[in-house]
Each structure stands twice: as structure tokens, then as C-alpha cells.
Amino acid sequence: MSALLSLENLTVEYAVGGRSLFAVSDVSLHVDRGETLGLVGESGCGKSTLGRAVLQLRRPTGGKVVFDGTELTGLGAEKMRLMRRRLQLIFQDPIASLNPRRRIGDIIAEPLIIVGVTDKAERDRRVREVMTAVGLDPDVAMGRLPHEFSGGQCQRICIARALILEPELVICDEPVSALDVSIRAQILNLLEEMKRRYGLTLLFIAHDLAVVKAVSDRIAVMYLGKLCEIAPTERLFAQPAHPYTALLLDAIPVPDPTVRPATNLAVGEPPSPLDPPSGCRFRTRCPRADRQCAAEVPPLREVAAGQFAACHHPLTGPA
Amino acid sequence: MSAPLLSIEGVSVELPTPRGLLRAVDRVDLTLEAGRTLGVVGESGCGKTMLSRAILQLLPKRAKLDGRVMFGGRDLAGLSREALRRLRGPELAVVFQDPMTSLNPVLTIGTQIVETLQVHLGMSGIAATKRGAELLAAVGIPAPEQRLRQYPSQLSGGMRQRVAIAIALSCEPKLLIADEPTTALDVTVQAQILDLLAREQQRRHMAMILITHDLGVVAGRTDEVAVMYAGRVVERAPTPRLFAHMRMPYTEALLAAIPRLDSAPHTPLPAIGGRPPDPTRPLPGCSFAPRCRYVEDDCRAAKPPLADPERAGSLYACWHPR
Amino acid sequence: MARFVGRRLLYLLPVLLAVTLLTFLIAALLPGDLAYTMLGDQATPEKIAALRATMGLDLPIWQRYLHWLGGVLQGDFGRSFRTGETVLSAVADRMPVSLELMVAAEVLGLVIGIPLAILCAVKQGSAIDRFLTGLAFAKLSLPSFMVAILLIYLFAVQLNWLPATGYVPFTEDPLGNLRSFLLPAMTLAFAEWPVLMRVLRSDMIATLQEDYIAMAKAKGLKPARILLVHALKPSSLTLVTVTGINIGRLIGGALIVETIFALPGLGRLLVAAIYSRDFIILQGVVLFVAVGFVIVNFIVDMLYAVLDPRIRHGRA
Amino acid sequence: MAAPRGGRRPGAVLACALVWLALIGCAAIFANLLPLPSPTEMDLLGKRALPDAQHWLGNDQLGRDMLSRLIHGARISLSVGLLAPVIGVTVGGALGMLAGYFRGPLETLTVGGVDVLLAFPPLVFALAVTTYLGQSVLNLILVIGILGIPAFTRVARAVTLSLTEREFVVAARALGATHSRILLREILPNVALPLTAFFLLGVAVTIVVEGALSFLGLGVPPPAPSWGSMIGEGRESLDLAPWLAFLPAVVMFMTVLAFNVVGDSLRALTDPRPGAL
């Protein structure tokens, strides 16, 4: 398998009141063609910024984004604009990501207009096709405005808009966290189906490990702008190497009263990203932290086949 | 057995909307004993928040409330505004979903704790400030004296929710309503806040209603669970019993739709098709009938009552229970 | 907080500089030769040239600006070529009248507007709210020169209670001074309270729907405390802005009202300067007024930070 | 769920406002075709005459027909009132949208410029210009129009700013839409309604400003009738014939009110908050 997308030492910096905030700090990873990489972390860990930096919607301040052999970070504005048809984005808030004053048919056809499909009949045909694929009735929906649809249906519309150009990579930024449980399952199933049908590669960003598990082949965990761990899904859940991954796993409430909720979880909350701890950024909440953790930034190391962790004292060692 | 602390009898809430009358809560009965925890679970728009507002008598002005909310032997709906005011704080307290919006942004944490202690317990300013710092320390806030002088925007989300809990607990209420107290928080913080609530509840022998959309949250932390759908309670049972044997197809489907940690990646989820009915257009039969896998003709004809035909302590509203 | 003030001050300087430049340009670019205007009938080419040279009018425009700005910074705003009065003394003379009018109008407007706004917000949708909002809305369409005429007709012409025009200095006759200010202040206050009421009412209604108000009720606080402590302060930002803008405007005197009621304030000074084509006075007073407006707005920004800690801590 | 708005019942009031505007508008457009006496012809014997069959609303202090002067005054008020804000809405709207969309130095410059312009007393500006450049309708429209630009810029920038952060604009960027396409297709349709509402409120303000200038005798050059100058002239005979001032005042009030009502109804469509200014 070849990497469709690879990030090399990607860094995104913001200026906040004269200080710089490293939303994404020195992250390297790759996504193979045809796979789904899950990206999890708590709010403010930089996962959404990473997604936008890949698409150059937020220009990275350091490192490289390489997509199918092309370095996006160095691309001029016009070349990047033309590249965009191959990379798409699905947002968290489906209602906000649709222009309230445009009709559904126009919204879904917009990408075709942008890439210069001038034939109206051709556009119409492709809009209908993709709408049917995502489970919307074109005859009913095309002429309506976004506010006439529920959140779940709006997300279907967004997916249709993202897929109409048949992109290679789709970045899903918390696509189901604004939806109710019963609707969430529908959308997750739809994404899986679309991935098969269009042969997509997905970067699936979410805060909910259980949701990410349902769709991902590999999972990357972020904390305060840094990559903590990246591993095949089953391995990550069975034997997390980074203490932060373990904490996330323990914190998920299990819908089973016979499982007592884990207590004595790591205390506190993530510190301010404006003032991250020295060394390992998780050390202030980590039960295994020692002096080395404060002094040295742990590099990402392979702890088992395909499992990498950035920790001085990983929970699992090489076999 | 003495009378329950809270007993809701046939409570309905109706709201006028441009699209017609919206029945947010539809003839709900619930009881809660002192010191116990009731979980109320449902998706957005199921009426769980309106139900909590009805208990607190904090409904929007235009809303119409039917039925009785008996609390400590009194019907709250019949109390004067002044009597209600005296009840809120020392007897009834609430923690809202988003501590960002439930704390006043322009007043210090101290002001917001101290004013409650002063108005209900008649404390002096100095005594109330001292007590406020103790309360903050009790909910796990470091350097409480310093926090008293800060504004909510200077605290993290989890700290803010701790402050909100400290305020709610300040007058030792008999009943705490926690309305999605952790939905706005990160998962690692959520666990801490739920633990804090459980600990304080046991310590104070306080009753609690935990409102959430997450079956996982209620599973380990409640004595009894009521599942709501389209304004009604559709199933209600002691927590272990409910998870051991779900009778109502909606509850079952809701649980099944949650991605499980123990299932393999790429396992298709048993999704519930369709979406909840329009609350301004009530259906004559079971509200879940259009989405139910086991639907039969009689489901569409008449609403099933919430009942316990087997007398096993498990109530459900379904003609064809699982 | 210090950083916040510093940032605003840093912004203030270029704005003030631009204000001086624009003021200078307006007066400099208005058609008509100053020297010619000053000499009037006696103008001969030689005399004009001589006067232009002594006044520095033959210099390039940027030199004239710097020269003028230098004077301004030393407190020399120039001198009227008609009356010989310095700008500074003319402003100092008229200022108290405009200030008294402004204070009276603002106080009246706020005293009427704030309680009505709170009443309407609490009783939102009731008959009294509908009546007052309707009245305020209609009042917005009634310009102050109409109100002035209406008040003059009512209180001066019909009832003959108050003087229609004229000004009595406070030092001469305190009561007469108040009487002469009553109608103009009422006219201005009539323009103020509907705006203030609408602004505060709508912000207050929004605030009353906030979770923290529900929380305050759930804490069992007394209704008066909820309204005055929990709701009023966060609702007052727009009110402060609008009041600030109004004060800033009225610093320059109320042009129309001062003219109608013949009050010798800055507004009348401006009108007179325009009529008599007295550039220097016009330039000086406009500069004074514009700088006053900018400074009042700066103070409003600072008040924001006092009212809302989120702005103070830079997380707006 | 949209919160039902408190306050005014829009239906009837809005209808009245529209009918009144239509009436005034028609009268202004067809003023020359109507069987009216000349608005400037003086009847020295009929000064302040009471209404009769020929002069339905009587005569003013110079014996000119009131009805005719009111209707011809409407032409001036409406043409100034409608044309001046067009300058503001186009220049200010475009400037505000560009500043709000592109941010950066352009925005800093625009906001600073607006702050500077707003610092100057607008009425003084208008007075100075009409005094020095001459009293004419065109000068009046230009100066009032330019004075309105900062306000429109502010509104357009604020609305654009809130839209630019919205996901649907980011989505359009992610699709590879050009800036001009985003501005025209995604942003403009959402800015248009609030700007139109603000335009109507601007019309109301402009009519008042024109009235104030004419009231001071510095608006439209006499003897051309304007509502403001009629009020100003009528003021001289407030004790003898108060209706000479009050009649044009009522007509102007109704017109301004009508524009405010229509503008406010439109604004209410875009602003979920009840009764916001």
C-alpha cells in the first residue's frame, strides 16, 4: 500500500495576544490509499486545525503536507484551488455548512460549476445520482432550502456535495458529534458505504473513541497539539501504549451497569495550549511521569508492530 | 413507606409555536425517593429538558403546564412565587448543561456563591465568603480563595462546572437536577464531574435526577432509568433490570445504535431509520411506530400506556414488548 | 487590562492624527481664497499676495498642515479674522452652555429610558410593553426640530409657561437659567429615551433568556437582585455605546436645538462660522468636536472592559 | 425553534405603511400631471387662507397653495431620501464586505477610516458643503450620501465577518471556489437582506436630515418647496396659524415612520432577537 497523504513535521502556529500558540506541533503521519485513519483527542488538541491545515485552509507554519506525491504546502493559490477537487471536507455542524439562502440542488451542483462543468443536463444528472446514493430523494429535495431539513439530512447533503467530484481523500471533521445517537449510526453507516462505493480514503476526526473505532483501520491520538500514539485499531484498544490513550479508553462510559465506572482516573484537565508543559505534554496528568518526562520530549517510537507511541514509559513494550 | 420526595403526576407541557401547539412533555408520571438517583435518557427534542424545567417551575412564560409536581408534600405548580423562591436553593437545585452559559460572565465566582448563602442562610458577607471557599475546595477546586475573585471566563470548562455544582450544593438541597451536566465537557473531565456528583450525593443523602442523552452515563450511576421519546416516558425500570432486559423496542434500538468498544472495526451499526415525529403533529398511535422494526397494525391505532403488566417493577409503553 | 488599554491607546493615536489631517484638509480645500475673503472689497492683487505671504498661504499644503498642527499641539488653534477672538476663548465661552444642555438631556433620557426598558423587558409582549415600544418606535420618526416646535407651541405659545427662546446665564439667575434650558433639554431627551429604551430592552430580553438567569432563578434569588445585578449589567453594553455616541455628538453642541432655542453653545458657533465663512473658527471648533468624539468613544471602550471581564481578559 | 416575537403585530401596521408610501410616491411622481395650483405662485390676498374648494388645505404665509407645496415637497424629500442612501449602500456595502472578507490591512484601514469619518459632526459637514458649494438638490444628495457611507460599511462588515467564519463559506473555499465567486454567491445573498433593511432605515434618516437642513434654510434653495423648509417657514407664524408648520410636519412624520416600519419589518426577518435596534 502506498501513502496517499503524508504529513512531515507539520506545525501550525497561531498568534494569540502577542504569544504564539502551537495548535499542531511537529506531527508526522501518513494515510494509505483506501484506508480510514481515525484521529482522536479532546477539544483544543489541534485535531481540527490539523484537518484544515491538510487542506491548506489554514496555512501550516512549518513542515510538509504531501498528497499523492505533490507537496501542497508549497503550492500556489491557483494550483491549490485546482487540487481541491481531489480533497474534500465534511464538517461537524451540517446546518451551518450549508448556505441558508441557496437551494439544495444548487448547493450540491456548486462543485461542478466551480470545476467548469458547463452542461446543465450533465450537472443535473450527476446531482441526482449522488443524492440518490446518499439516500435523498432528488425530486423532493432539490428545490428546497437547508432549513427545511433535519441535522441528519443536512449531513447527507454535505456528504453529497463532498462526493460529487469523486474526490480521493475526504476529511471528516467530527461529522456525527452534532447528531443524536439514532441518527449518528445512520450517518456512520452511510460513510462506510460511500467509502466502498467511491473508493475513498478517509481522515476521520472525532473526540469519541467508540465512534472512531467503528470506522477506522488505524487510529492516531493527539494531546495538546502533539501526536501521542498511532496504532492499528484493534491493537490500540486491546493494548494501548500511551497512558493518555489508556485514560481516554477508561473514561468512556459503558452502557452496561455491571461494569463499574473506572475511578481514580488521571486528575485535572489539559493545561492551556498557550503554556504547555515542558518535555512530555501529558506529564502533568500522567501517573507514570518522572523527571525524564519533564526534561525530554519523548519521540514517537515503535513499541510493537505498527504501533507507535511518544512516551518514555509506555504501557506495553516491544514483544 | 413514607411519601416519595418528588412525585410527578400526569405532567404535560405545551408550547405555542408558529407551526402550532407543541406538546413537549406528554402526561409524564415519575416518582423519586430521597437519596436516590433517577436517570432520564432521551435524544434531543424528546422533552427531557422541558420536564426538568417543569419540575423547577422555570418553564418559558408562554408554556402551559398541566398535572401536578408534588415535592415534599406540596404541589409546586400551586405555590406562590415567593414560596417557590424560598424553596429553590435549600430544597431544589440544578446544574445546567453548559457552565459557560449558566454562570454569569460579568460577576465574580465569589459573588455568585456568596449571594446564595446570604439570601437563604442569612449569612454575613464574611461568613459566606469563608463558606464559599470551603465549598469550592469540597468540589475539588485548588486555591479557592483566589478563585472567588475570578470571573468564569478565567476558568476551564471543567472548573466552571465544578463551580456550578458548588453553587447548587451550597444550601444543601434535597433534590439536585443535573441537566446534561457533562455534555459540554471532554470525556476525561466528564468522568471526574460524574464522580464528583455521585460522591457529593452520597455524602449529603441527596436525591438526584440525571438527565442525559447517553445511556452509558446512566448505566453505572443511577438507581432507576426513565427513557423518553417524543414527550413521553416509554420505559422505566431499575437500572440493572432495564439493561438486563429491555422491553421497549426504542430502548433496545437506542442501545444497539451506540458503537461498542468491544465490536470489531467496520461492523455496520444497527441504525434506527427515519427520525422522531414532528412534535406539533402528534400521532394517534405509538410515536415510535413509524421507525419500529416490530411494528404491527395496532401500534398505529392506539397509544400504548406506560404500565407494568407483569408486576415485575419494569414499566413500558408498548403493545408488543421484547 | 494594561495591555488592553495600551492597545486601544495605540489605535487612538493614528485616528486622532487622521482627524486633524481631515479637519485641516476640509478647511483648506473649501473653495474661496481666505485672503480674498478677509480683505473683502479692498482686495487688490498686491494686497492679497502680501496677506497670503504673511499668513503662509503660499506655502505647499503639507507645510501649512505641519505648521498648523504644530500650533494646535501648543494650544494655538488660531484666531478669527472677523472678530479677532481666539478659537480657544470662543470654545471656552460656548462650551459650558453645550455641556449643560448635554448633561441635562442625557440624564433625562437615561432616567426615562432605563426604567421603561426594564419594565418592557420584564413584561415582554404585554399591553404596556406593546404600547411603549410602539410609542418609542413612532418617536424615532419624529425629528427633534419637530419636537422643538411642538414643545414651543405647547409650553410657550399656548400655555405661556416657559420662554420660547433665549438664554440666561446661571450666574445671573439660576432659576431663569434652568427655565431657559428646560425646553431644549426636553427636546433632546425626547430624542434620546426611545433609542436608549429600545436598545436596552432588546438586550435585556436576550439576557433574560440566558441560562445564567435561569440559574439565578433556580438559586432562589430575589427578583430585584436578578434584574438589577444579574441582568442589567451584562445587558448594558449597547446602552453604553449608544450613550457614548450621543454624548460625543452633543459635545459639539446640538446644532438644530441651539439654533431654534437661541442658546449660545458650540452648535450655534459652528453655524455662525459657516454662515460668515470664518474658516479658522470652523476648523478649530470642528477639530475640537471631532477629537472630543474620539476621546469619548475611547472612554466607552474602557467602560466595556470594566463592565465585561471577558473583554478585560482578552477572550471576547 | 424560532421564538415567537413579542411587540408589534406586523400585518396591519406594515400594510398601512406600504399604502402610505405608495400614495406619497404616486403623488410625487405624477405631481405635474395633477390638477394642482402652482406651488410657488403667491396669492398676496390669500395669506394663511383657510381651506376652500380651490385650495383644499389652504394657503401658507405667502399665499401659496399648501397641498401643492406638500406634494411637490414630496418629490424633493423622496428623491433625496432614496438616492442619497444608494451611495452609502453601494460604496459602504462593497467596502464593508471586502473588509470583512479579506481582513488584514484592508480591514484595519477601513475600520480606521470609518472611525475618523464618524468623528466629524455630519450636520456641520452638510452645512459647510451646501454653504460653500451652493444649495442644490444634487449637492444635497452627494453630501448626505457620502456621510452615510461609514454606517453602511459598519453594517456590511459586521454581517460579512460573522458569515466568513461560518462553515458554508469555508466549505466553498474547500471546494476551490474563487474569492469573487464566494463573495457573490455565498456572502452577498446573506448580506443583501440586512443591508436592504438598513437602507430603508437610512432613507428615513435621510429624509429627516434633508428636513433639518431645509428647516435651517440650507437645504433646497427657495422658493422650491420642501417639507423641512415649510416647517421652518411655518414656525414664524406658530401663534397665528400653527397648522402651517404642523401639516408638513405630520406628512413628513408619517413618511419617515412608514419607511422605518418597512425597514424594521425587514430587519426583524434577519434578526432573531426581538426589538433589536
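Quick caveat, the model's predicted, so the values are computed rather than measured.

Caption draft 1: Just the overall build of chain C, in detail. Helix and strand counts for chain C come out as 15 helices and zero strands. With the C-alpha coordinates aligned to their principal axes, the bounding extent of chain C is approximately 85 × 55 × 35 Å. Looking at the 316 residues of chain C, the share that counts as buried comes to 49%. Here chain C displays about 14100 Å² of accessible surface, and carbon together with sulfur accounts for 68% of that area. The average position of the 26 basic charges and that of the 20 acidic charges among the side chains of chain C differ by 12 Å.

Caption draft 2: Examining the sheet that holds strand β2 (residues 19-32) of chain A more closely. Residue and element names in this part refer to chain A. Strand order in the open sheet formed by four strands is β2-β1-β4-β5, and the pairing between neighbours is antiparallel. Each end of this open sheet is capped by a strand with a single partner; those strands are β2 and β5 (70-71). Of the strand pairs in this sheet, strand β1 (residues 3-16) and β2 are connected by ten bridges, and their pairing is antiparallel. Each residue of the ladder has a partner; that of Val12, found in β2, is Val24. Lying on the sheet, helix α1 (residues 47-54) is in contact with β1, β2 and β4 (62-67); it crosses β1 at an angle near 115°.

Caption draft 3: Here's a closer look at the interface of chain D and chain C. Each partner contributes to the interface: chain D provides 48 residues, whereas chain C provides 51 residues. With both sides pooled, the region where chain D packs onto chain C buries about 4500 Å², and carbon together with sulfur makes up 76% of that total. For Arg198 of chain C, the salt bridge is made with Asp264 of chain D, and the minimal N-O distance between the two is 3.9 Å. Remark: the boundary between chain D and chain C carries four residue pairs in polar contact (both at pLDDT 80 or more). Contributing elements (two or more residues each) for the side of chain D that touches chain C: α3 (104-119), α4 (122-133), α7 (179-215), α8 (227-235) and α9 (243-270) of chain D. Broken down by class, the residue content of the side of chain D that touches chain C amounts to 34 nonpolar, seven polar and seven charged.

Caption draft 4: Fine view of the packing of aromatic side chains. Residues and elements named next belong to chain A. Within this structure, the stated rule accounts for 14 aromatic pairs over all chains. A centroid spacing of 4.6 Å and a plane angle of 55° characterise the contact between Tyr223 and Tyr244, whose relative ring orientation is tilted. One end of the pair, Tyr223, is in strand β9 (residues 218-223); the other, Tyr244, is in helix α10 (residues 243-251), and 21 residues separate them in sequence. In this structure Tyr223 comes out as buried when scored by relative accessible area, which is 3%. Here Tyr244 falls in the buried class, since its relative accessible area comes to 0%. Ring-pair connections join several aromatic residues into one group, and the members of that group are Tyr223, Tyr244 and Phe282.

Caption draft 5: Looking closely at the packing of helix α9 (residues 211-218) of chain C against helix α10 (residues 223-235) of chain C. Residues and elements named next belong to chain C. At a closest axis distance of 11 Å, the pairing of α9 and α10 adopts a crossing angle of 170°. In terms of axis orientation, α9 runs roughly antiparallel to α10. Here α9 contributes Tyr212, Ile213, Ala216 and Lys217 to the contact with α10, which in turn contributes Ile226, His230, Ala231 and Pro234. Residues belonging to the contact of α9 with α10 are distributed by class as follows: six nonpolar, one polar and one charged.

Caption draft 6: How the structure looks around the sheet that holds strand β11 (residues 315-316) of chain B. Residue and element names in this part refer to chain B. Read from one edge of the open sheet, seven strands run β6-β7-β8-β3-β9-β10-β11, paired in mixed fashion. Lying at the two open borders of the sheet, with one neighbouring strand each, are β6 (92-95) and β11. Two strands pair when backbone bridges link them, and β6 and strand β7 (residues 175-179) are joined in this way by four bridges, in the parallel orientation. By the bridge assignment for β7, Val95 is matched with Ala178. Along the sheet face, helix α1 (residues 48-56) touches β3 (37-41), β6, β7, β8 (207-212) and β9 (224-229) and points at about 150° away from the line of β7.

Caption draft 7: Just the environment of Val117 of chain A, in detail. By the secondary structure assignment, Val117 of chain A is in the loop between α3 (104-114) and α4 (120-133). Contact partners of Val117 of chain A, with chain neighbours within four places excluded, come to Leu112, Glu122, Arg123 and Arg126 of chain A.

Caption draft 8: Structural view of the pattern of salt bridges. Residue and element names in this part refer to chain B. Taken as a whole and judged by the stated rule, the model has 56 salt bridges over all chains. Its salt-bridge partner being Asp26, residue Arg23 comes within 3.0 Å of it at the nearest N-O pair. Since its relative accessible area comes to 7%, Asp26 is described here as buried. Among the ionic pairs, Arg86 bridges to Glu82, the shortest N-O distance being 3.1 Å. Within this pair, Arg86 and its partner Glu82 are both found in helix α2 (residues 81-87), separated by four residues, close to a single helical turn. The exposed category is assigned to Arg86, whose relative accessible area is 54%. What makes Glu82 partly exposed here is its relative accessible area of 36%. Overlapping salt bridges bring together Lys130, Arg131, Glu134, Glu172, Arg199, Glu200, Arg203 and Arg204 as one network.

Caption draft 9: The arrangement of the confidence of the model for chain C in detail. With 94% of its residues at a pLDDT of 70 or more, chain C has an overall mean of 84. Within chain C, no element has a lower average pLDDT than helix α2 (residues 34-39) of chain C, which sits at 66, and none a higher one than α9 of chain C, at 93.

Caption draft 10: Layout of unusual backbone geometry. A positive phi is found at Asp68 of chain A, a non-glycine position, where the angle reads about 50°. As for its position among the elements, Asp68 of chain A is in the loop between β4 and β5. On the basis of relative accessible area, Asp68 of chain A is assigned to the partly exposed category, the value being 33%. Positive phi, close to 50°, is recorded for Glu172 of chain B, a residue that is not glycine. Considering the arrangement of structural elements, one finds Glu172 of chain B in the loop between α7 (157-169) and β7.

Caption draft 11: Just the packing of helix α2 (residues 66-102) of chain D against α7 of chain D, in detail. Residue and element names in this part refer to chain D. Close contact between α2 and α7 brings their axes to 7 Å; oriented N to C, the two are set at 145°. Once α2 is placed against α7, the crossing between them reads as right-handed. For the contact of α2 with α7, the residue count by class is 21 nonpolar, six polar and one charged.

Caption draft 12: Structural view of helix α5 (residues 87-122) of chain C. With 36 residues, α5 of chain C should cover 52 Å at 1.5 Å per step; its first-to-last C-alpha distance of 50 Å lies within 8% of that length. At Met95 of chain C, α5 of chain C shows its largest bend, some 35°, and a proline, Pro96 of chain C, comes one to four positions later.

Caption draft 13: The domain arrangement of chain C, seen in detail. Split into domains, chain C comes out as domain 1 (14-73) and domain 2 (95-312). The C-alpha centroid of domain 2 of chain C is placed 37 Å from the C-alpha centroid of domain 1 of chain C.

Caption draft 14: Layout of α10 of chain A. The element α10 of chain A is extensively covered by neighbouring structure, given that eight of its nine residues are classed as buried. Every buried residue of α10 of chain A is accounted for by Pro243, Tyr244, Thr245, Ala246, Leu247, Leu248, Leu249 and Ala251 of chain A. Looking at the buried residues of α10 of chain A, the elements they touch are α8 (209-215), β9, β10 (226-232) and α9 (233-238) of chain A together with α8 (187-204) of chain B.

Caption draft 15: Fine view of the nonpolar core. Judged by nonpolar contacts, the single largest core of 141 residues is most densely connected at Val19 and Phe145 of chain C together with Ile187, Trp227 and Met252 of chain D. The element that contributes the greatest number of residues to this core is helix α14 (residues 279-307) of chain C, accounting for 15 residues. Looking at which domains feed residues into this core, each of domain 1 (14-73) and domain 2 (95-312) of chain C supplies at least three. Excluding its chain neighbours within four sequence positions, the residues that come into contact with Met252 of chain D are Pro143, Phe145 and Met146 of chain C together with Ile207, Val208, Gly211, Trp227 and Ile231 of chain D. Counting 97 residues, the second largest nonpolar core, distinct from the first, contains Met131 and Leu236 of chain A together with Val187 and Ala237 of chain B.

Caption draft 16: Structural detail: the pairing of strand β11 (residues 301-304) of chain A. All names here are of chain A. Summarising the sheet, β11 and strand β12 (residues 307-309) pair through three bridges and their orientation is antiparallel. Note on β12: the bridge partner recorded for Ala304 is Gln307. With antiparallel pairing between neighbouring strands as the criterion, β11 and β12 make up a hairpin whose turn holds two residues, including Gly306 at a positive phi of roughly 80°.

Caption draft 17: Looking closely at the state of the cysteines. Scanning the model with the defined rule gives zero disulfides over all chains in all. Cysteine Cys280 of chain A shares no disulfide, and the gap to the nearest cysteine sulfur, in Cys293 of chain A, comes to 5.9 Å. Relative accessible area serves as the criterion here: at 10%, Cys280 of chain A is assigned to the buried category. Among the cysteines around Cys26 of chain D, which has no disulfide bond, Cys16 of chain D carries the closest sulfur, lying 17 Å off.

Caption draft 18: Spotlight on the environment of Ala77 of chain A. Residue and element names in this part refer to chain A. With respect to the helices, strands and loops of the structure, Ala77 is situated in helix α2 (residues 77-83). The exposed category is assigned to Ala77, whose relative accessible area is 64%. Taking the C-alpha atoms as reference, Ala77 lies 9.6 Å from Gln56; in sequence the two are 21 residues apart.

What counts and what doesn't
- Residues numbered from 1 in each chain as written.
- Chains lettered and ligands numbered in written order.
- Predicted model: local features only at pLDDT ≥ 70, side-chain atom pairs only at ≥ 80, totals over all residues.
- Heavy atoms only, no water.
- Helix = DSSP H or I, 4+ residues; strand = E, 2+ residues; numbered from the N terminus.
- Buried < 20%, exposed > 50% of the residue type's maximum accessible area, 1.4 Å probe, protein only.
- Areas by Shrake-Rupley, 256 points an atom, 1.4 Å probe, with all protein chains shown as cover.
- Lys, Arg positive; Asp, Glu negative; His and termini not counted.
- Charge placed at Lys NZ, Arg CZ, Asp CG, Glu CD.
- Pairing = 2+ DSSP bridges.
- Contact = heavy atoms within 4.5 Å.
- Axes fitted to C-alpha atoms, helices over the stretch in contact; angles between N-to-C directions.
- Buried area = accessible area lost by both parts, 1.4 Å probe.
- Salt bridge = Lys/Arg side-chain N within 4 Å of Asp/Glu carboxyl O.
- Polar contact = N/O pair within 3.5 Å; in protein donor to acceptor, adjacent residues only side chain to side chain.
- Nonpolar A, V, L, I, M, F, W, Y, C, P; charged D, E, K, R; others polar.
- Phe/Tyr/Trp six-rings, centres within 6.5 Å; stacked < 30°, edge-to-face > 60°.
- Parallel < 35°, antiparallel > 145°, perpendicular 65-115°, else oblique.
- pLDDT = per-residue confidence, 0-100.
- Left-handed = near helix turned anticlockwise from the far one by under 90°.
- Expected span 1.5 Å × (residues − 1).
- Bend = angle between axes of the 7 residues up to and from the residue.
- Domains from an automatic or database assignment.
- Core = buried A, V, L, I, M, F, W, Y, C linked by side-chain atoms within 4.5 Å.
- Disulfide = S-S within 2.5 Å.

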